[in-house]
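Here is what each chain is made of, one letter per residue.
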Amino acid sequence: MKLHPRDVPGVVATVVATAIGLALMVSGSSMAPASGPALAERTRELELGATTESLLVAQLEHQLGTHEAPQLPEGWQELFRDTPNAKGELRAGNDQAIAARLLEGRASYQRNCQHCHGVRGDASTQTAKILLPRPRDFSLGLTKFKQTPGLLPPLREDLHRILEQGVASTAMADFAMLEEAERTTLVDYVQYLLMRGAVESRVAGALQTLAQTDGAQTADPAEVEFRVLEGTRVALEAVGTEWRNAPGTAFTEVPAPADDAAIARGAELYKSAKAGCAQCHGIDGKGRGLGAWDAEHGWILRDVWGNPVRPADFSYGSFHGGGSPEQVYRSISLGIAGTPMAGYAGVLSPSEITDLTHYLRSLSD
Ligand code: HEC
Ligand code: HEC
């Protein structure tokens, strides 16, 4: 294979830039068989060409195994250990134990999750197409309801919470009836799908960007191979680093306790032009604001996965990101990742966000 060391910075820069670009890319969806192509639906839509696709599939399998027989690359194992218990012990002592847990997680995922979230976790299933909200497509490496800001990956704790509690008033039921040990293996496998998806979508996006910027060179097979190899290496490292750093970025601020005055101030602020919440959530908090719903088109907002989103109906009291004061305060401060719900930290003061928190929670009393 012919290497072009001079190109390395180019590949690195493109992989990094793609992380942001891809998450913002909104694409339509097409039907895809449940098994078959080894790449996620979104990657296939990039139409990289048969040679590049098969090189990418081979390289991903070399590093990450297949979805049926997952394996972790160098440096990722430690990310699959749960936080130490009181005695400082880790649930999984060694790499073999983690590999076994991944396989168990895979088996449980097939039984419990695959018909909605898909074989590759990209939610390209028949069931997914008829649900609103759509099941999460894990192939962007991103989830919505989490403690970390922006496009950073969730914490394992966030995935545990979703499995214990489900997402209220959606098709995502809770899996509290499973043993905690089984839920942990599911968290492992979902984390694997998210990390694998993040690597795949980044490398694929970077390859497409490079092909567009210097189309002529990419006819050289050695050049293509080098880009796939180097792009995958860089993405594996970047994704590992993001998961490693995520816990340190978790949002930990808590609101002051509620009182009647705070609720009254929150009610005023909610309706004000300054906060603008009613524009999407509606003046009555039921989610049908002018910016979110109209009689002709229904739900008009979209998330980064290209799916319709509806602002929460606060009169219901079923907060998808968690309904405790701390969780609602966090949802308003950080926003909901990948959706038009932006974070208000920095736009509104902590005491204003506190007032809004207590007001929204009071709507379902
Ligand atoms: C009946 C369909 C269905 C099944 C089965 C299902 N889910 Fe979901 N799942 C959903 C839907 C719908 C959402 C999106 C909810 C939303 O966006 O509010 C979702 C969202 C999620 C999320 C992302 C939440 C976030 O923060 O973005 C995770 C993680 C998840 N599911 C994991 C699982 C796992 C693990 C299983 C199996 C144990 C499973 N799901 C089974 C439909 C399903
Ligand atoms: C541009 C439209 C828009 C504006 C403006 C907006 N939101 Fe949202 N908000 C959304 C959408 C869409 C969601 C749902 C995201 C999802 O679950 O997919 C949401 C979700 C939320 C949630 C999380 C609900 C849950 O289920 O956990 C809270 C809390 C919230 N918004 C509060 C506010 C407040 C307070 C304001 C004003 C300061 C505001 N929003 C402004 C669109 C908006």
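In what follows, the accompanying structure is described. Note that residues are indexed from 1 along each chain, following the sequence as it is written. Each chain is given a letter, starting from A, and each ligand a number, starting from 1, according to the order in which they appear as written. In keeping with the model being predicted, local features are shown solely for residues with a pLDDT of at least 70 and side-chain atom pairs are shown and tallied solely at 80 or more, while totals for entire chains, interfaces and linings include all residues. Hydrogens and water are ignored here; the side-chain numbers use all heavy atoms of the structure.

## Section: the coordination of the iron atom of ligand 1
Angles between donor atoms at a metal ideally measure 109.5 degrees for a four-coordinate tetrahedral arrangement and either 90 or 180 degrees for a six-coordinate octahedral one. The following threshold applies: For Na, K and Ca the donor cutoff is 3.2 Å, while for all other metals N, O and S atoms count as donors only within 2.8 Å; water does not appear among the atoms, so some sites may look incomplete. Geometry is assigned from donor-metal-donor angles: four donors are tetrahedral when every angle falls between 85 and 135 degrees, four are square planar and six octahedral when opposite donors sit over 155 degrees apart with all other angles between 65 and 115, and any other arrangement is irregular. By the criteria applied, helices consist of DSSP H or I runs no shorter than four residues and strands consist of E runs no shorter than two, each listed in order from the N terminus. Burial here depends on accessible area, computed with a 1.4 Å probe over protein chains only, as a share of the maximum for the residue type. Under 20% is buried, over 50% is exposed, and the range in between is partly exposed.
Protein coordination at the iron atom of ligand 1 comes from His 117 (NE2) and Met 172 (SD), with a distance range of 2.0 to 2.2 Å. One can describe the site at the iron atom of ligand 1 as octahedral: its six donor atoms subtend angles covering 86 to 178° at the metal. Taken together, the positions of His 117 in helix α5 (residues 114–117) and Met 172 in the loop between α7 (156–165) and α8 (180–213) put the pair 55 residues apart, joining distant regions of the chain. A residue is classified by how much of its surface remains accessible, and His 117, at 11% relative accessible area, is buried.

## What about the site of ligand 1?
Heads up, the condition is: Any residue with at least one heavy atom within 4 Å of a molecule or strand is counted as near it. A 3.5 Å cut-off defines polar contacts: any pair of N or O atoms within that distance qualifies, except that in protein one atom must be a possible hydrogen donor and the other a possible acceptor, and neighbouring residues in sequence count only when both atoms are side-chain atoms. Polar here means any residue outside two lists: the nonpolar Ala, Val, Leu, Ile, Met, Phe, Trp, Tyr, Cys and Pro, and the charged Asp, Glu, Lys and Arg; Gly therefore counts as polar.
In the region of ligand 1, 24 residues are neighbours, and Cys 113, Cys 116, His 117, Arg 136 and Met 172 sit closest. With respect to ligand 1, the backbone of Lys 144 contributes an N or O atom lying 2.8 Å from an oxygen atom. The separation between an oxygen atom of ligand 1 and a polar main-chain atom of Phe 145 is 2.9 Å. Only α5, α7 and α8 provide two or more residues apiece to the shell around ligand 1. Class assignment for the residues of the shell around ligand 1 results in 15 nonpolar, six polar and three charged.

## Concerning the site of ligand 2
Close contacts around ligand 2 come from 24 residues, with Cys 277, Cys 280, His 281, His 320 and Met 341 the closest. A distance of 2.9 Å is found between an oxygen atom of ligand 2 and a side-chain nitrogen or oxygen belonging to Lys 144. Here an oxygen atom of ligand 2 sits 2.6 Å away from a polar atom, N or O, in the main chain of His 320. For the shell around ligand 2, the elements supplying multiple residues, two or more each, are α11 (277–281), α12 (325–334) and α13 (350–362). Among the elements that line the shell around ligand 2, the one with the most residues is α11, at three residues.

## A look at the nonpolar core
Note the following rule: We call a set of buried residues a nonpolar core when its members are Ala, Val, Leu, Ile, Met, Phe, Trp, Tyr or Cys and they connect through side-chain atoms within 4.5 Å of each other. Note on contacts: a residue pair is in contact if any heavy atoms of the two residues lie within 4.5 Å.
The biggest cluster of nonpolar side chains holds 38 residues, and the ones touching the most others in it are Leu 56, Trp 76, Phe 80, Tyr 192 and Val 199. Sorting the residues of this core by element identifies α3 (50–64), α4 (95–112), α7, α8 and α9 (221–245) as the ones contributing at least two each. By residue number, the principal contributor to this core is α8, which donates 13 residues. Once you skip the residues sitting within four places of it in the chain, Phe 80 turns out to touch Leu 72, Ile 98, Arg 101, Leu 102, Arg 156, Asp 188, Gln 191, Tyr 192 and Met 195. Ala 278, Phe 314, Val 328 and Ile 353 belong to the second-largest nonpolar core, a separate cluster that totals 17 residues.

## Re the coordination of the iron atom of ligand 2
Distances from the iron atom of ligand 2 to its protein donors, His 281 (NE2) and Met 341 (SD), fall within 2.0 to 2.2 Å. Bound by six donor atoms, the iron atom of ligand 2 shows angles of 88 to 180° at the metal and therefore octahedral coordination geometry. Taken as a pair, His 281 in helix α11 and Met 341 in the loop between α12 and α13 lie far apart in primary sequence, 60 residues in all. On the accessibility criterion, His 281 (12% relative accessible area) is buried.

## Here we look at the packing of α3 against α8
This is how it is decided: Interaxial angles span 0 to 180 degrees and are taken between N-to-C directions of axes, which are lines fitted to C-alpha atoms, for helices over the stretch in contact. In this scheme, a crossing is called left-handed if the near helix is turned counterclockwise away from the far one by less than a right angle; it is called right-handed if the turn is clockwise.
Look at α3 against α8: their axes get within 11 Å of each other, and the N-to-C directions meet at 150°. In this structure, the crossing between α3 and α8 has a hand that is right-handed. Across the interface between the two elements, Thr 52, Leu 56, Leu 60, Glu 61 and Leu 64 from α3 touch Tyr 192, Arg 196, Val 199, Glu 200, Val 203, Ala 204 and Leu 207 from α8. Here the contact of α3 with α8 is built from residues that sort into eight nonpolar, one polar and three charged.

## A look at the packing of aromatic side chains
As a reminder of what qualifies: By convention, a stacked pair of Phe, Tyr or Trp rings (six-membered ring in the case of Trp) has centres within 6.5 Å and planes under 30 degrees apart, an edge-to-face pair has planes over 60 apart, and any other such pair is tilted. Definition used: whenever NZ (Lys) or CZ (Arg) falls within 6 Å of the ring centre and also within 35 degrees of the ring normal, the charge is taken to sit over that ring.
Throughout the structure, instances matching the rule amount to six aromatic pairs. Taken together, the aromatic side chains of Tyr 109, Tyr 189 and Tyr 192 make up a single cluster linked through ring pairs. Above the plane of the ring of Trp 305 lies Arg 136, whose end atom (NZ or CZ) is 5.0 Å from the centre. Here the basic side chain of Arg 288 rests over the ring of Trp 293, its NZ or CZ set 4.4 Å away from the ring centre.

## Details of the environment of Val 199
With respect to the helices and strands, Val 199 occurs in helix α8. Residue Val 199 is classed as buried on the basis of its relative accessible area, which comes to 0%. Leaving out residues up to four positions away in the same chain, Val 199 has contacts with Leu 60, Trp 76, Thr 232, Ala 235, Leu 236 and Val 239.

## Brief notes about the environment of Gly 346
Within the secondary structure layout, Gly 346 lies in the loop between α12 and α13. On the basis of relative accessible area, Gly 346 is assigned to the exposed category, the value being 80%. A C-alpha to C-alpha distance of 8.3 Å links Gly 346 and Ser 333, two positions 13 residues apart in sequence.

## Some thoughts on the pattern of salt bridges
For the record, the criterion: A carboxyl oxygen of Asp or Glu within 4 Å of a side-chain nitrogen of Lys or Arg is what we treat as a salt bridge.
Scanning all chains against the criterion turns up 14 salt bridges. Among the ionic pairs, Arg 120 bridges to Asp 122, the shortest N-O distance being 3.8 Å. Take Arg 120: its relative accessible area is 7%, and that puts it in the buried class. When its relative accessible area of 3% is taken as the criterion, Asp 122 is described as buried. For Arg 265, the salt bridge identified is with Asp 355, shortest N-O distance 2.9 Å. Taken together, the residues span a long stretch of sequence, with Arg 265 in helix α10 (residues 260–271) and Asp 355 in helix α13 at a distance of 90 residues. A relative accessible area of 45% means that Arg 265 is categorised as partly exposed.

All quantities given are derived from atomic positions and should not be read as evidence of function.
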